[in-house]
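# Geometric and topological summary
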Amino acid sequence: MEPVKIGLLGLGTVGGGTVTVLTRNAGEIARRAGRDIHIAHAAARAYDPERINGLGDIGRITEDAFAVVDDPEIDIVIELIGGYSPAKELVLQAIANGKHVVTANKALIAMHGNEIFAAAQEKGVTVAFEAAVAGGIPIIKALREGLAANHIEWIAGIINGTGNFILTEMRDKGRDFADVLAEAQQLGYAEADPTFDVEGIDAAHKLTILGSLAFGIPLQFDKTFTEGISKIEAQDVAFAAELGYRIKHLGITRRTDAGIEMRVHPTLIPHRRLIANVDGVMNAVLVKGDAVGPTLYYGAGAGALPTASAVVADVVDVVRALTSDPNNRVPHLAFQPGELADTPVLPIDEVETAYYLRLTALDRPGVMAAIAGILGEEGISIEAIKQKEPAEGETHVPLIMLTHRVKEARMNSALARIEALDSVHGDIVKIRMEGLEG
Ligand code: HSE
């Protein structure tokens, strides 16, 4: 049988990794897929021919990505350019030309996935995106297929390797934020715009996809709450550790009676949880299903070969399905297209979590009582309090409090009242906290 012909868009970190994997493991991949797979046509704007020739076998290379998606020989287009445009136009054109698409582009799927999947459905082609979330971890397959029996309750994931690398290095080695970020960029983990990593936008793209797959709702990136790690201070990392917690940048999506929570923010989690010990550039996704209980998926969330592993697995899936009835394939968003729900995504004010608070208060009798009084009046229950010794000659002391769960709006109203007290100095640091109990 003729080999399946691939059109590859992008020969950067992941594109190069994909050529390497398809070449190096060609024999075994063909045994799994049932056909040989050949990269017949690739597009790249600026590349080093020596590097590309060293990676493996590519038929032709062009600078014009549209020439690849319009090439009648091509069966499957792999989009590894990233970003919104021209990736979106290229993917839609490939679909219009009746080609299947494999992409690692989380921004594209999170923002334009609804339109892209509708176009693919119409044309009877597949758009596969395993590599878009958590790199090499097969979390899309787990949610869409392995956990299909479950009512998913919640997901909590470390889904940005760069952010996790930064938090880990800051905690373990006391390294500087900027210095660690520069290293992540050098290693090829960081996004083209690294604020996407540190401000949580990359994680929010991925969480948007996970939330849709878990709960059968359309992709709604604009409703995902996002808070980055750039304001996390070394002292909060240290206080959290003293109290038995670690700070991780988590993407959390949860089903509640009122709606669906979708949020990315720094989070205190008990240090004994397996996911609290996922360090460096590694990713992990904890999924709680009603039948299976908690399940944890761990692996490399970025990098050339791990991401290529997911890209090529999608290619194998598409090749296996080439002759199947388009209406009986695994649905793009796990639920049948006509079965998506309109359950609302909750605004962050409506979300209920526990909190870590750090405030700077005057070291004088009655101050703690005034603060605790306000929390009490707002119905917020305190779980733990820690006061540090005042530094030599200092009149103010750091005061750390852990609270029980309360709605964000209620907490914000209490904090505004506490910040207005004469005895409290500056802004209060507020970090959300989750137990992640199975
Ligand atoms: N910048 C991303 C990360 C790459 O650091 O996880 C994978 O999406």
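Keep in mind that what you see is a predicted model, and the values were worked out from it rather than measured.

### So, the sheet that holds strand S4 (residues 76-79)
If you walk across this open sheet you meet the 6 strands as S3-S2-S1-S4-S5-S6, and the pairing is parallel. Since the sheet does not close on itself, it has two edges, and those belong to strand S3 (60-62) and strand S6 (127-128), each with one partner. Note that strand S2 (residues 37-43) and S3 share 3 bridges and pair parallel. If you follow His41 over to S3, its bridge partner there is Arg60.

### Here we look at the pairing of strand S15 (residues 396-407)
Relative to S15, strand S13 (residues 352-362) runs antiparallel, the two sharing 10 bridges. For Ala361, the partnering residue across the bridge sits in S15 and is Val397.

### Examining the site of the ligand
Surrounding the ligand, one finds Lys106, Asn160, Gly161, Thr162, Tyr189, Ala190, Glu191, Asp197, Asp202, Lys206, Gly301 and Ala302. Gly161 places a main-chain nitrogen or oxygen 2.7 Å from an oxygen atom of the ligand. Within the contact set of the ligand, an oxygen atom lies 2.7 Å away from a side-chain nitrogen or oxygen of Thr162. When isolated, the ligand has an accessible area of 260 Å², and the protein chains bury 92% of it. Assessed atom by atom at 2 Å from the grid points, the ligand resides in the largest pocket. Looking at the shell around the ligand, the elements with two or more residues in it are helix H8 (161-173) and helix H11 (201-215). Its residues assigned to classes, the shell around the ligand shows 3 nonpolar, 4 polar and 5 charged.

### What about the pattern of salt bridges?
Across all of its chains, the model carries 34 salt bridges by this definition. Two residues, Lys386 and Glu242, come together in a salt bridge whose shortest N-O distance is 3.4 Å. Of this pair, Lys386 sits in strand S14 (residues 382-387) while Glu242 sits in helix H12 (residues 234-242), placing them 144 residues apart in sequence. Between Glu261 and Arg263 there is a salt bridge whose closest N-O contact spans 2.8 Å. Residue Arg263 is classed as buried on the basis of its relative accessible area, which comes to 0%. Via salt bridges that share partners, Arg254, Glu261, Arg263, Glu352, Arg405 and Glu434 belong to a single interconnected network.

### With respect to the domain arrangement of the chain
When the domains of the chain are assigned, the result is domain 1 (4-136 + 304-338), domain 2 (139-299) and domain 3 (352-433). Computed over C-alpha atoms only, the centres of domain 1 and domain 3 are separated by 51 Å.

Rules used in this analysis
Residues numbered from 1 in each chain as written. Predicted model: local features only at pLDDT ≥ 70, side-chain atom pairs only at ≥ 80, totals over all residues. Heavy atoms only, no water. Pairing = 2+ DSSP bridges. Helix = DSSP H or I, 4+ residues; strand = E, 2+ residues; numbered from the N terminus. Near = heavy atom within 4 Å. Polar contact = N/O pair within 3.5 Å; in protein donor to acceptor, adjacent residues only side chain to side chain. Areas by Shrake-Rupley, 256 points an atom, 1.4 Å probe, with all protein chains shown as cover. 1 Å grid on protein atoms, 1.4 Å probe; cavity = no way out; pocket = protein on both sides within 12 Å on 5 of 7 lines; lining within 4 Å. Sits in = over half its atoms within 2 Å of the grid points. Nonpolar A, V, L, I, M, F, W, Y, C, P; charged D, E, K, R; others polar. Salt bridge = Lys/Arg side-chain N within 4 Å of Asp/Glu carboxyl O. Buried < 20%, exposed > 50% of the residue type's maximum accessible area, 1.4 Å probe, protein only. Domains from an automatic or database assignment.

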